[in-house]
Amino acid sequence: MPDQLVILGSKGGPALRPGGPWPSSSLLQIGGRTVVVDCGLGVTRGLVDAGISLKWLDLIFITHLHSDHLLELGPLLHTAWTAGLATPVGLFGPPGTGHYWRRFCQAMEFDIEIRIVDEGRPDIRDLVSIVEFGEGHVVERGGLEVSALRVDHPPVTDCFALRFEHAGRSVVFSADTAFYPPLADFARGADILVHEAMLEQGIERLVARTGNGARLKDHLLASHSFAEEAGRIASDAGVTRLVLNHLIPADDPEIGEAEWIAAVRKTWAGDLTIARDGLVVELSSAKAAQGEETA
Ligand SMILES: [Zn+2]
Ligand SMILES: [Zn+2]
């Protein structure tokens, strides 16, 4: 299994539009482990389409409890369970993650109980172990080291960027955040920084479309980063590749890859990828290319 990042859902926010991308979820395959980062709507379909067998679900990380990162967590675990999941899953999220999971299992109690009796399945409630984390070290598993940084996503206080490191390779997810300079230290030297981004010229049209105009605009400006700001973090951190993700707007016909690139090139000259659903970024190629340059 090659070390790789797969963006399963690339849009910011919970809305779905015909033919558009899906809310936030990613797959990271690193050091032989299968890691899911965020579980927005569409994560299950995305994992299956990426060739992942759901019964081998391994580690899941939730950056914060906004629905565009959480809504399909329970359905993913439940679907994996009905697909034959019988090994423990490690679920890591901010405070409140356990509450969500227990209430989901309560809501699905009829189905869970009947499948245990009727199909002889193990109890799903025993298969999922929950760790609610804060800033700092999160977990170490077989050489995979995970750490968290609290970022700036008001009014949510428990929102965490995540850094995954294995055998000298590292991938950092910004989570949802306004421009937050400490993120550059946290992402220092990473092979890949996946950073959220907004495009200024798209925001006006977006708020006009959604019908909750002023309030939505205030939230976006206070809690999210412009593409230029994501590029600034990547430059200050000295990462190898920047992946712009959690795109806002994500489905404006007047905004394509060229517009995103033009914005981020004001502050970032390195390797760049604009996320789309199903996009694969190989970690090995990033490292090999780096090796050639220094050889
Ligand atoms: Zn979000
Ligand atoms: Zn959010």
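Structure report, in brief. (Residues numbered from 1 in each chain as written. Chains lettered and ligands numbered in written order. Predicted model: local features only at pLDDT ≥ 70, side-chain atom pairs only at ≥ 80, totals over all residues. Heavy atoms only, no water.)

Quick notes on the pattern of salt bridges
The full count for this structure, using the stated rule, is 18 salt bridges. For Arg17, the salt bridge is made with Asp251, and the minimal N-O distance between the two is 3.2 Å. Here Asp251 lies in the loop between β12 (241–248) and α11 (257–264) and Arg17 lies in the loop between β1 (4–9) and β2 (25–30), a separation of 234 residues in the sequence. The exposure class of Arg17 is partly exposed, given its relative accessible area of 23%. By relative accessible area, Asp251 is classed as buried at 18%. Among the salt bridges present, the one from Asp111 reaches Arg115, with a minimum N-O distance of 2.9 Å. Within this pair, Asp111 and its partner Arg115 are both found in helix α5 (residues 109–119), separated by 4 residues, close to a single helical turn. Relative accessible area serves as the criterion here: at 16%, Asp111 is assigned to the buried category. Residue classification places Arg115 among the partly exposed positions, given a relative accessible area of 23%. Via salt bridges that share partners, Asp111, Arg115, Glu119 and Arg121 belong to a single interconnected network. (Salt bridge = Lys/Arg side-chain N within 4 Å of Asp/Glu carboxyl O. Helix = DSSP H or I, 4+ residues; strand = E, 2+ residues; numbered from the N terminus. Buried < 20%, exposed > 50% of the residue type's maximum accessible area, 1.4 Å probe, protein only.)

Re the sheet that holds strand β11 (residues 192–198)
In spatial order, the strands read β7-β8-β9-β10-β11-β12-β13; together these 7 strands make up an open sheet with mixed pairing. Bordering the open sheet on either side are β7 (136–141) and β13 (271–274), each of which pairs with just one other strand. Strand-to-strand twist of the sheet, defined as the mean angle between neighbouring strand axes without regard to direction, takes the value 20 degrees. Where strand β8 (residues 144–150) lies against strand β9 (residues 160–166), 6 bridges are found, and the strand directions are antiparallel. When the bridges of β9 are listed, Ala148 appears paired with Leu162. In this fold helix α10 (residues 227–237) packs onto β11 and β12, with an angle of close to 160 degrees to the strand it touches most, β11. (Pairing = 2+ DSSP bridges. Axes fitted to C-alpha atoms, helices over the stretch in contact; angles between N-to-C directions. Contact = heavy atoms within 4.5 Å.)

Notes on the coordination of the zinc ion (ligand 2)
In this structure, His64 (NE2), His66 (ND1), His153 (NE2) and Asp176 (OD) serve as the protein donors to the zinc ion (ligand 2), at separations of 2.1 to 2.4 Å. Each of the 4 donor atoms around the zinc ion (ligand 2) contributes to a set of angles spanning 91 to 162 degrees, which defines the coordination as irregular. For the zinc ion (ligand 2), all donor residues lie on one chain, and their spacing in sequence is H-x1-H-x86-H-x22-D. For His153, a relative accessible area of 1% translates into the label buried. (Donors = N, O, S within 2.8 Å, 3.2 Å for Na, K, Ca; no water. Tetrahedral: all angles 85-135°; square planar, octahedral: opposite > 155°, others 65-115°.)

Details of α11
Residues Trp260, Ala263 and Val264 constitute the buried set of α11. Burial along α11 is one-sided: seen end-on, the buried residues are contained in an arc of 90 degrees. Taken together, the buried residues of α11 touch β11, α10, β12 and β13. (Arc of directions from axis to C-beta.)

Concerning the packing of helix α8 (residues 200–210) against helix α9 (residues 213–223)
As a packed pair, α8 and α9 sit with axes 8 Å apart at the nearest point and diverge in direction by 140 degrees. One way to sum up the angle between α8 and α9 is to call them oblique. Where α8 crosses over α9, the two elements pack in a sense that is right-handed. Packed against α8, whose contacting residues are Ile203, Glu204, Leu206, Val207 and Thr210, the element α9 presents Gly213, Leu216, Lys217 and Leu220 at the interface. Residues belonging to the contact of α8 with α9 are distributed by class as follows: 5 nonpolar, 2 polar and 2 charged. (Parallel < 35°, antiparallel > 145°, perpendicular 65-115°, else oblique. Left-handed = near helix turned anticlockwise from the far one by under 90°. Nonpolar A, V, L, I, M, F, W, Y, C, P; charged D, E, K, R; others polar.)

Quick notes on the nonpolar core
Leu193, Val239, Leu242, Leu244 and Trp260 are the most contacted members of the largest nonpolar core, which totals 30 residues. Those elements that provide at least two residues to this core are α7 (182–186), β11, α10, β12, α11 and β13. No other element matches α10, which puts 5 residues into this core. Apart from residues lying up to four places away in sequence, Val239 is in contact with Ala187, Ala190, Leu193, Ala234 and Trp268. Counting 29 residues, the second largest nonpolar core, distinct from the first, contains Leu8, Leu54, Ile62 and Leu77. (Core = buried A, V, L, I, M, F, W, Y, C linked by side-chain atoms within 4.5 Å.)

Read these as geometric descriptors, not functional statements.
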